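Observations on chain architecture
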Amino acid sequence: MNEFEWRRQLRDLRQPLAPTRDLWDSIVASLDAAQRTDDPAIPTLVQPGNPWHRLMTAGLAASLLLAAGALVWHQVRTPAAPTFASSTQARWKPADPRLAGAAIELDAARMELQLAIQQAPHSAALQRLLDRTELQQKQLRQLANRAG
Amino acid sequence: MSPAPTGANDTDDVRAAANGDRAAFQRLYRLHVGRIHGAVFRLAGNDHARAEDLTQDAFIRAWQKLPGFRHESAFGTWLYRLAVNLALMDIRARGADPVSTRNEEELPESGETPFCAAERDELERCIGLLPPRARAVVVLHDIEGWRHEEIAGELGMAVGTSKAQLHRARLLLRKLLGDRS
């Protein structure tokens, strides 16, 4: 068998392959779940044209402004807490150069997954991957600790 | 890179689905699921459960991103790329495992193994046994027809590394097939 035939044999593998089960129902269920979350939780209390409409809208806007002001005031008065991105877990890099590469790659994978989850917050597969990546980061830390 | 050719005119369904038509999206799912799942299944090392999770996820993300689809490429190509990216992200997450049982050192360093004929199923099975990154390079280059530049870009490696991975992965694949024959 020459290389040409070998490559042809590999290229022939490029065939459609149906899943073992129909995924459509699961896809619809996930889309419905995502849609429910996206829907506004607060039902419309007033109808346009209602005489109370402007008053209630103004009241709601004032409440939101008050809440936002209180939040800003609280943040100004409280020392900044470390965010997830700036946590030691995110920035950690082992001294051992053999482990440093793995730490960087795991951290990149974790950030990539977090971004993907922002796009698809209901994806169980992505969440599982993120959990696994974080577990691997933990294992790497343990490995680094053992190595001294 | 070779896209996912279907030969079907799905433009109307793509436009309808982008406007929220679930029935149109279901037709797109039926049309493309085999091609998408086939590619993802081989990238996932013939793991049915993982491949189905990734395929499902690809269609969910496609639905969410469809309103932004600009029709600059065929829908099948766009969907295929989205699905392969998800599968590669999965490989990156797994391939970075420092305590992985299947690592790149298992690949043979040198020496030639003769080409050998293999049954289709046997070939698929041996590809599934390759280490994840090596498998990704073989699947994308030799089966899916990607260029090394595209593979290197997606897997975050140098073009030379992609070529080296392919060479070593082919050696291992032939060795695996030879051991079984």
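Residues numbered from 1 in each chain as written. Chains lettered and ligands numbered in written order. Predicted model: local features only at pLDDT ≥ 70, side-chain atom pairs only at ≥ 80, totals over all residues.

Helix and strand counts for chain B come out as eight helices and zero strands. Scanning chain B from its N terminus toward the C terminus, one meets helices and strands in the order α-α-α-α-α-α-α-α. Among the 181 residues that make up chain B, the fraction classed as buried is 46%. For chain B, the proportion of contacts with a sequence separation of at least 24, taken over those separated by at least 6, is 72%. (Helix = DSSP H or I, 4+ residues; strand = E, 2+ residues; numbered from the N terminus. Buried ≥ 20, exposed ≤ 12 C-beta atoms within 10 Å, placed from the backbone. Contact = placed C-beta atoms within 7 Å.)

On the chain A side, the residues contacting the 37 residues of chain B number 42 residues. When contributions to the side of chain B that touches chain A are tallied by element, the ones reaching two or more residues are helix H2 (22-43), helix H3 (48-65), helix H4 (75-95), helix H5 (120-128) and helix H6 (132-143) of chain B. The biggest single contributor to the side of chain B that touches chain A is H3 of chain B, with 12 residues. Of the residues in the side of chain B that touches chain A, the class split is 17 nonpolar, eight polar and 12 charged. (Nonpolar A, V, L, I, M, F, W, Y, C, P; charged D, E, K, R; others polar.)

Generally speaking, nonpolar side chains in soluble globular proteins are found buried as a group. Val40, Leu43, Leu54, Ala83 and Ala87 of chain B are the most contacted members of the largest nonpolar core, which has 64 residues in total. Take this core: its biggest share by element is 11 residues, from H4 of chain B. Residues within four places of Leu54 of chain B in sequence aside, it is in contact with Ala125 of chain A together with Val40, Ala44, Ala83, Leu86, Ala87 and Asp90 of chain B. (Core = buried A, V, L, I, M, F, W, Y, C linked by C-beta atoms within 7 Å.)

In this section: unusual backbone geometry. Residue and element names in this part refer to chain B. Backbone geometry places Asn46, a non-glycine residue, at a positive phi of 60°. Here Asn46 shows up in the loop between H2 and H3. Taking the C-beta count within 10 Å as the criterion, Asn46 has 16 such neighbours and is therefore assigned partly exposed. The backbone of His71 shows a phi angle near 60°, a positive value even though the residue is not glycine.

Those residues of H5 of chain B that sit buried are Leu123, Cys126 and Ile127 of chain B. Across the axial projection of H5 of chain B, the buried residues extend over an arc of 105°, all falling on one side. (Arc of directions from axis to C-beta.)

This part takes up H3 of chain B. With 18 residues, H3 of chain B should reach 26 Å at 1.5 Å per residue; the first-to-last C-alpha distance of 25 Å fits that figure. Taken across its 18 residues, H3 of chain B has 13 buried, putting it largely inside the fold. (Expected span 1.5 Å × (residues − 1).)

Residues and elements named next belong to chain A. Of note, Pro121 is situated in the loop between helix H5 (97-119) and helix H6 (124-147). Assessed through the 14 C-beta atoms surrounding it within 10 Å, Pro121 is described here as partly exposed. Along the backbone, Pro121 and Ala34 are 87 residues apart, and their C-alpha atoms lie at a distance of 7.9 Å.

All right, on to the packing of helix H1 (residues 11-18) of chain B against H2 of chain B then. Residues and elements named next belong to chain B. It is the contact of H1 with H2, at a shortest axis distance of 7 Å, that shows an interaxial angle of 135°. The angle between H1 and H2 places the two elements in the oblique class. Where H1 crosses over H2, the two elements pack in a sense that is left-handed. Residues Asp13, Val14, Ala16 and Ala17 of H1 form the contact with H2, whose participating residues are Ala24, Phe25, Arg27 and Leu28. Residues that form the contact of H1 with H2 fall into these classes: six nonpolar, no polar and two charged. (Axes fitted to C-alpha atoms, helices over the stretch in contact; angles between N-to-C directions. Parallel < 35°, antiparallel > 145°, perpendicular 65-115°, else oblique. Left-handed = near helix turned anticlockwise from the far one by under 90°.)

Residue and element names in this part refer to chain B. One way to put it is that H2 packs onto H3 with a least axis distance of 10 Å and a crossing angle of 140°. It follows from the interaxial angle that H2 and H3 lie oblique. As H2 runs across H3, the sense of the crossing is right-handed. In this structure, H2 contributes Phe25, Tyr29, Val33, Ile36, His37, Val40 and Phe41 to the contact, and H3 contributes Ala51, Leu54, Thr55, Ala58, Phe59 and Trp63. For the contact of H2 with H3, the residue count by class is 11 nonpolar, two polar and no charged.

The subject of this paragraph is the confidence of the model for chain B. Residues and elements named next belong to chain B. Considering every residue of chain B, the mean pLDDT works out to 83; 81% of them sit at 70 or more. Here helix H8 (residues 159-180) is the element of chain B with the lowest mean pLDDT, 87, and H2 is the one with the highest, 96. When the criterion is pLDDT under 50, residues 107-115 qualifies, and its contacts beyond four places in sequence or with other chains add up to 18 contacts. This complex was scored by the predictor with a pTM of 0.60 and an ipTM of 0.77. (pLDDT = per-residue confidence, 0-100.)

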